[in-house]
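Here are the chains, one letter per residue:
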Amino acid sequence: MTAPMPAGAQAYPETETDDPQAAVQTRSRARSASGRGGWRGLLVQPVLIAAGTLAFVLWRATAELSDTETRQLGWSALGRNIVDHLQLTLVAGVLVLAIGIPLGVLLTRGPFRRATPLVLAVANTGQAAPAIGLFVLLATWLGFGFGFRSAVVALVLYTVLPVLRNTMVGLEGVDARLVEAGRGMGMSALAVLFRVELPLAVPVMLAGVRTALVLLVGTATLATFISGGGLGLLITTGVNLSLDALLVSGAVLVALLALAVDWVGRVIEHLARPKGL
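Residues numbered from 1 in each chain as written. Predicted model: local features only at pLDDT ≥ 70, side-chain atom pairs only at ≥ 80, totals over all residues. Heavy atoms only, no water.

## Re the confidence of the model for the protein
- With 83% of its residues at a pLDDT of 70 or more, the protein shows a mean pLDDT of 81.
- Predicted confidence in the protein is weakest over helix α1 (residues 20–41), with a mean pLDDT of 51, and strongest over helix α4 (residues 75–106), with 93.
- This stretch, residues 1–17, has a pLDDT under 50; its non-local contacts, to residues over four places away or in other chains, come to nine contacts. (pLDDT = per-residue confidence, 0-100. Helix = DSSP H or I, 4+ residues; strand = E, 2+ residues; numbered from the N terminus. Contact = heavy atoms within 4.5 Å.)

What follows is the structure, encoded as structure tokens:
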């Protein structure tokens, strides 16, 4: 005889199953309500970004600035620095995804697991090293010299770890019974990867991507030390010449840009996530 359900309790479908595709569908139904709530939460951040941008524009239009501050904060110079900063972030971000995700998948496959300690040691070294030192050393050692390309290489090495690690953690966290069930149903190893493992690992992987993108925006300010451009030029000029308006402007713009990139990452996370996950 089945025990009576306590008053106020809700019935949920069983989530334990040996059918890997059914597991994905069950999680989808169980979390659809929280997904709808997540979209409402996405509306707050762009409002804050718009308010901060409007406040900066109004301040820039009314502030009394020195000649140096006026030149650096002129709309053409400011727009050029913002575009340079976005280019650094986007190019490095694409390379981080192109390297981190496939490499993370590869390191969870059979014989390639042996290389995991070595690869993670290199990635950990890149992020543990002082960022400014990493930029300067790579610019000196690489044949690229100072400039955009050396800055991109340094950014990739500095930010690849979250994507790489989260890809591995997400895939290793998939229930082994679902993988075995998929193989028992006649799926190939590649089919199990794309139809079972990756869909269930997507939330963890996307969290690593968001972390890497926000880290890229902040770290890209250091590209100015090797002539890589970006908003870091405002900060360093403000520090060197004791111009608080430039220093604060650079910091505020980088913060707004990081919030915007984080918001875009959250939107992509909701869109790319399998329904309900």
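## Here's the deal with α4
- In a regular helix each residue adds 1.5 Å, so 32 residues correspond to 46 Å; α4 covers 46 Å between its end C-alpha atoms and thus fits that length.
- Ala-77, Leu-78, Asn-81, His-85, Leu-88, Thr-89, Ala-92, Gly-93, Val-96, Gly-100, Gly-104 and Val-105 are the residues of α4 that are buried.
- Packing partners of the buried residues in α4 comprise α2 (44–62), α3 (67–72), α7 (148–172), α9 (189–219), α10 (232–240) and α11 (244–272). (Expected span 1.5 Å × (residues − 1). Buried < 20%, exposed > 50% of the residue type's maximum accessible area, 1.4 Å probe, protein only.)

## Things to note about the layout of surface pockets
- Estimates place the volume of the largest pocket at around 300 Å³.
- Leu-90, Leu-213, Val-261, Val-264 and Ile-268 are, among the 14 residues lining the largest pocket, the residues nearest its centre.
- Elements represented by at least two residues in the lining of the largest pocket include exactly α4, α9 and α11.
- By residue number, the principal contributor to the lining of the largest pocket is α4, which donates six residues.
- When its residues are assigned to classes, the lining of the largest pocket shows 10 nonpolar, three polar and one charged. (1 Å grid on protein atoms, 1.4 Å probe; cavity = no way out; pocket = protein on both sides within 12 Å on 5 of 7 lines; lining within 4 Å. Points joined across faces, edges and corners; volume = space filled by probe spheres on them. Nonpolar A, V, L, I, M, F, W, Y, C, P; charged D, E, K, R; others polar.)

## Regarding the side chain of Gln-45
- Mapping Gln-45 onto the fold places it in helix α2.
- One polar contact links the side chain of Gln-45 to the main-chain carbonyl oxygen of Leu-259, over a distance of 2.8 Å.
- Only 3.1 Å separates the side chain of Gln-45 from the side chain of Asp-262, close enough to count as a polar contact.
- When near neighbours in sequence (up to four residues on either side) are disregarded, Gln-45 contacts Leu-259, Asp-262, Trp-263 and Arg-266. (Polar contact = N/O pair within 3.5 Å; in protein donor to acceptor, adjacent residues only side chain to side chain.)

## A look at the nonpolar core
- Leu-88, Ala-92, Val-96, Phe-135, Ala-151, Leu-155 and Leu-164 are the most contacted members of the largest nonpolar core, which totals 29 residues.
- At the level of elements, α4, α5 (116–128), α6 (131–141), α7 and α9 are the ones that each hand at least two residues to this core.
- Of the residues forming this core, the biggest block, 11 residues, is contributed by α7.
- In this structure, Ala-92 is in contact with Val-152, Leu-155, Val-156 and Leu-216, ignoring residues within four places of it in sequence.
- The next biggest cluster of nonpolar side chains, apart from the first, holds 13 residues, and it includes Leu-234, Leu-246, Leu-257 and Val-261. (Core = buried A, V, L, I, M, F, W, Y, C linked by side-chain atoms within 4.5 Å.)

## Concerning the pattern of salt bridges
- Inspection of the entire model under this criterion finds five salt bridges.
- Here Arg-210 ties to Asp-262 by a salt bridge, and the two come within 2.9 Å at their closest N and O atoms. With Arg-210 in helix α9 and Asp-262 in helix α11, this pair connects stretches of sequence that are 52 residues apart.
- Its salt-bridge partner being Arg-210, residue Glu-269 comes within 3.2 Å of it at the nearest N-O pair. (Salt bridge = Lys/Arg side-chain N within 4 Å of Asp/Glu carboxyl O.)

## Comments concerning unusual backbone geometry
- A positive phi angle is found at Ser-227, which is not glycine, with a value near 60 degrees.
- With respect to the helices, strands and loops of the structure, Ser-227 is situated in the loop between α9 and α10.
- The class of Ser-227 is exposed, set by a relative accessible area of 56%.

## Thoughts on the packing of aromatic side chains
- Scanning the model with the defined rule gives one aromatic pair in all.
- Taking the centre distance of 5.8 Å and the plane angle of 35 degrees together, the rings of Phe-56 and Trp-59 count as tilted. Of the two residues, Phe-56 and Trp-59 are both situated in helix α2; the distance of three residues between them amounts to about one turn of the helix.
- Judged by its relative accessible area of 9%, Phe-56 is buried.
- Taking NZ or CZ as reference, Arg-60 lies 5.7 Å from the ring centre of Trp-75, over its face. (Phe/Tyr/Trp six-rings, centres within 6.5 Å; stacked < 30°, edge-to-face > 60°. Lys NZ or Arg CZ within 6 Å of the ring centre and 35° of its normal.)

## A word on the packing of α2 against α11
- Running from N to C, α2 and α11 cross one another at 155 degrees; their axes reach a closest spacing of 10 Å. By the angle between their directions, the pair α2 and α11 is classed as roughly antiparallel. At the point where α2 passes α11, the crossing takes the left-handed sense. Two secondary-structure elements touch here, α2 through Gln-45, Pro-46, Ile-49, Gly-52, Thr-53, Phe-56 and Trp-59 and α11 through Ala-245, Ser-249, Leu-253, Leu-256, Leu-259, Ala-260, Asp-262, Trp-263 and Arg-266. (Axes fitted to C-alpha atoms, helices over the stretch in contact; angles between N-to-C directions. Parallel < 35°, antiparallel > 145°, perpendicular 65-115°, else oblique. Left-handed = near helix turned anticlockwise from the far one by under 90°.)

## Topic: a nonpolar patch on the surface
- Together, Val-91, Leu-95, Ile-99 and Phe-148 give the surface a local cluster of nonpolar side chains, amounting to about 290 Å² of exposed area.
- Here the nonpolar patch takes three residues from α4, the largest share from any one element.
- Along the polypeptide, Val-91 turns up in helix α4.
- We classify Val-91 as partly exposed; its relative accessible area is 34%. (Patch = residues over 30% accessible without salt bridge, like charges linked within 9 Å, V, L, I, M, F, W, Y side chains within 5 Å. Areas by Shrake-Rupley, 256 points an atom, 1.4 Å probe, with all protein chains shown as cover.)

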